[in-house]
Amino acid sequence: MTNPYGHPLPSYLQSDNLGPWGVYLQQVDRVIPYLGHLARWAETLKRPKRALIVDVPIELDNGTIAHFEGYRVQHNVSRGPGKGGVRFHQDVTLSEVMALSAWMSVKNAAVNVPYGGAKGGIRVDPKTLSRGELERMTRRYTSEIGIIIGPTKDIPAPDVNTNEQIMAWMMDTYSMNEGATATGVVTGKPVDLGGSLGRREATGRGVFTVGVEAARHIELDISHARLAVQGFGNVGGIAAKLFAQAGARVVAVQDHGGTIYQESGLDVPLLLEHVAAKGTVAGFAKAEVLANDAFWDVDCDILIPAALEQQINASNAGRIKARMVIEGANGPTTPEADDILQSRNILVLPDVIANAGGVTVSYFEWVQDFSSFFWSEDEINARLVRIMKEAFTGVWQVAQDKKVSLRTATFIVACTRILRARELRGLYP
Ligand SMILES: NC(=O)c1ccc[n+]([C@@H]2O[C@H](COP(=O)([O-])OP(=O)(O)OC[C@H]3O[C@@H](n4cnc5c(N)ncnc54)[C@H](O)[C@@H]3O)[C@@H](O)[C@H]2O)c1
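These figures come from a predicted structure and were not determined experimentally.

A. Spotlight on the environment of Lys127. Summarising the element assignment, Lys127 is placed in the loop between β4 (117-123) and α3 (131-145). Lys127 gets classed as exposed once you count the C-beta atoms within 10 Å, which come to 11. Sequence separation between Lys127 and Met176 is 49 residues; the distance between their C-alpha atoms is 27 Å.

Written out as structure tokens, the structure is:
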């Protein structure tokens with residue numbers, strides 16, 4: 001079976017609606033001409049190594065039994081164990097988890113941490129569950145995927161709607177089943193349980209770090225820049241805070257509850273407090289309310305999508321006013337939108353490098369757990385910034401040399417690393 005782009009497709013995906021996996025396949029196609037003799041192995045990037053689908057039954061507080069779809073996909077493990085987050089969201093699909101796992105393979109290779117790519121998820125709106133239900137669902141899911149995860153096999157982490165508490169339950173469940181505490185089975189844990197200082201802020205800090213680097217290249221003054229941010233959770237909230245601390249004005253924020261605007265700049269610390277209390281930016285007193293669709297017309301210099309996939313698409317890419325888009329989210333821009341933004345000279349810092357700060361500090365957490373020796377926050381932040389800057393500089397150079405977008409340049413660097421590892425290891429048997 002083939003899709004409109006001519007790819008052989010697995011029978012388990014709908015060929016007429018490939019979803020995020022279809023976006024990823026188009027991104028891979030753009031890199032193949034640059035892979036030289038390694039192109040021979042490129043097909044390996046178009047198939048996940050392993051996809052596990054599990055039923056997650058739990059007893060609800062009202063006595064009924066609910067069943068949820070759970071997934072864990074390991075896209076590629078040529079360079080090391082699988083690594084990638086777990087998402088709890090009502091729209092999770094196999095296609096989405098496959099794409100997210102593949103972007104993890106690319107991201108981990110781009111910043112050169114010794115991991116393959118993986119991702120997991122449960123199709124559920126966790127806001128509808130009580131704390132007890134959430135814990136039972138998390139534990140049952142962890143137990144079901146326990147046959148393929150582990151500190152040297154595949155290491156989950158937080159993603160949309162999952163946090164330190166969920167990671168603590170996952171670590172405990174896996175450890176109970178193993179009969180030994182295994183802190184290294186997940187990252188993004190509470191600091192009291194083998195988590196790392198700086199992990200919670202790491203993705204937003206990485207977004208900020210590459211944003212500052214790129215701004216220098218295009219002579220954009222961060223201290224006078226106006227920002228629009230979609231998604232005000234772990235990634236968007238922290239990135240907004242760091243940009244605001246650097247003097248930028250955060251003029252618009254959108255989340256699942258609505259869109260707010262303040263031309264003179266939102267009070268970001270106050271907005272973070274509001275979101276912590278109310279769960280959404282909606283209802284924030286010191287701002288105007290905007291229609292959700294008007295978010296894409298906001299006058300700004302930097303746009304940070306930090307929510308879900310395919311938010312910037314052919315229908316709104318032509319309206320974006322920013323000079324630079326920094327992808328905090330995974331897969332927020334479709335290939336058509338990428339082309340529109342490029343033709344309009346809007347620089348896109350792609351997810352596979354821009355939001356790699358989280359997995360970089362997850363790597364530090366995993367190393368600290370193995371050695372049972374913990375580093376200071378300053379040391380962690382300094383190492384994070386060094387890795388992000390070096391990776392970004394390398395990608396920038398490839399983009400200049402080959403006259404390609406930063407996304408294709410990042411894919412060139414990363415896919416070359418992945419396929420070189422594949423070639424060196426050879427095929428078994
Ligand atoms: N947490 C990490 O370390 C990490 C690392 C790399 C990439 N990411 C990616 O960043 C993105 C956000 O993850 P997070 O960890 O910040 O999640 P989160 O759950 O902390 O926050 C998600 C945010 O998105 C908003 N949102 C949800 N649906 C929306 C919609 N339809 N329109 C507008 N906003 C919407 C939510 O209201 C919330 O503000 C995801 O794409 C995730 O894969 C996260």
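B. Representation of unusual backbone geometry. Geometrically, the link from Tyr428 to Pro429 is a cis peptide bond, its omega value of 5° lying close to zero. Secondary-structure assignment places Pro429 in the segment after α12 (406-425). For Ser372, which is not glycine, the phi dihedral falls at a positive 50°. Here Ser372 shows up in the loop between α10 (357-371) and α11 (377-402). Classification of Ser372 by C-beta neighbours within 10 Å gives exposed; the count is 8. For Lys403, which is not glycine, the phi dihedral falls at a positive 55°. Within the secondary structure layout, Lys403 lies in the loop between α11 and α12.

C. Seen up close, the UniProt feature "binding site: substrate" (unreviewed entry) in the protein chain. Mapped onto this structure's residue numbering, the UniProt feature "binding site: substrate" (unreviewed entry) falls at Lys83, Lys107 and Ser362. Annotated residues spanning 280 residues; largest pairwise C-alpha distance 12.9 Å, indicating a single compact cluster. Along the chain, Lys107 turns up in helix α2 (residues 94-110). In this structure Lys107 touches Val352, Ala356 and Val359, once residues within four positions along its chain are discounted. Inspection of the secondary structure puts Ser362 in helix α10. Classification of Ser362 as buried rests on a count of 29 C-beta atoms within 10 Å.

D. The arrangement of the site of the ligand in detail. Around the ligand there are 23 residues in total, and Gly231, Gly233, Asp255, Ala329 and Gly358 lie nearest to it. Mapped onto the shell around the ligand, the elements with two or more residues apiece are α6 (234-245) and β7 (249-255). The element contributing the most residues to the shell around the ligand is α6, with three residues. Its residues assigned to classes, the shell around the ligand comprises eight nonpolar, 13 polar and two charged. Taken domain by domain, the makeup of the shell around the ligand includes at least three residues from each of domain 1 (48-183) and domain 2 (200-354).

E. Up close: α12. The end-to-end C-alpha separation of α12 is 29 Å, in line with the 28 Å expected for 20 residues at 1.5 Å each. For α12, every residue scored as buried is listed here: Leu406, Arg407, Thr408, Ala409, Thr410, Phe411, Ile412, Val413, Ala414, Cys415, Ile418 and Leu419. One or two positions beyond α12, positive phi appears at Gly426, with a value near 80°.

F. Region of interest: the domain arrangement of the protein chain. Entries for the protein chain in the domain assignment read domain 1 (48-183) and domain 2 (200-354). Just the C-alpha atoms count here: the centres of domain 1 and domain 2 sit 27 Å apart. With seven residues of domain 1 at the interface, the matching set in domain 2 holds six residues. Considering only residue class, the side of domain 1 that touches domain 2 consists of five nonpolar, no polar and two charged.

G. Spatial organisation of the packing of helix α5 (residues 199-217) against α6. Viewed as axis vectors pointing N to C, α5 and α6 meet at an angle of 55°, and their least axial separation amounts to 8 Å. Looking at the two axes, α5 sits oblique to α6. α5 and α6 meet at a crossing whose hand is right-handed. Residues Arg200, Glu201, Thr203, Gly204, Arg205, Val207 and Phe208 of α5 pack against Asn234, Val235, Gly237, Ile238, Ala239, Leu242 and Phe243 of α6. Tallied by class, residues from the contact of α5 with α6 come to seven nonpolar, four polar and three charged.

H. Molecular detail of the sheet that holds strand β5 (residues 154-158). Within the open sheet, the five strands sit side by side as β1-β2-β4-β3-β5. Their pairing is mixed. The strands lining the two open edges of the sheet, one partner per strand, are β1 (50-59) and β5. Pairwise comparison of adjacent strand axes, ignoring direction, gives a mean angle of 25° for this sheet. Alignment of β1 against strand β2 (residues 65-76), held across 10 bridges, turns out to be antiparallel. Along β2, the bridge assignment pairs Ala51 with Val73. Across the sheet, α2 lies against β1, β2, β3 (82-89) and β4, angled at about 150° from β4, the strand it touches most.

I. Structural view of the sheet that holds strand β8 (residues 258-261). In spatial order, the strands read β9-β8-β7-β6-β10-β11-β12; together these seven strands make up an open sheet with mixed pairing. One side of each edge strand has no neighbouring strand; the edge strands of this open sheet are β9 (288-290) and β12 (347-349). This sheet shows a mean twist of 20° between the axes of neighbouring strands, independent of strand direction. Strand contacts of α5: β10 (302-305), β11 (324-326) and β12, with the helix running at about 160° to β11, the strand carrying the most contacts.

Quick notes on the rules
- Residues numbered from 1 in each chain as written.
- Predicted model: local features only at pLDDT ≥ 70, side-chain atom pairs only at ≥ 80, totals over all residues.
- Helix = DSSP H or I, 4+ residues; strand = E, 2+ residues; numbered from the N terminus.
- Buried ≥ 20, exposed ≤ 12 C-beta atoms within 10 Å, placed from the backbone.
- UniProt positions renumbered as here; feature names shortened; annotations may be inferred.
- Contact = placed C-beta atoms within 7 Å.
- Near = placed C-beta within 6 Å.
- Nonpolar A, V, L, I, M, F, W, Y, C, P; charged D, E, K, R; others polar.
- Domains from an automatic or database assignment.
- Expected span 1.5 Å × (residues − 1).
- Axes fitted to C-alpha atoms, helices over the stretch in contact; angles between N-to-C directions.
- Parallel < 35°, antiparallel > 145°, perpendicular 65-115°, else oblique.
- Left-handed = near helix turned anticlockwise from the far one by under 90°.
- Pairing = 2+ DSSP bridges.

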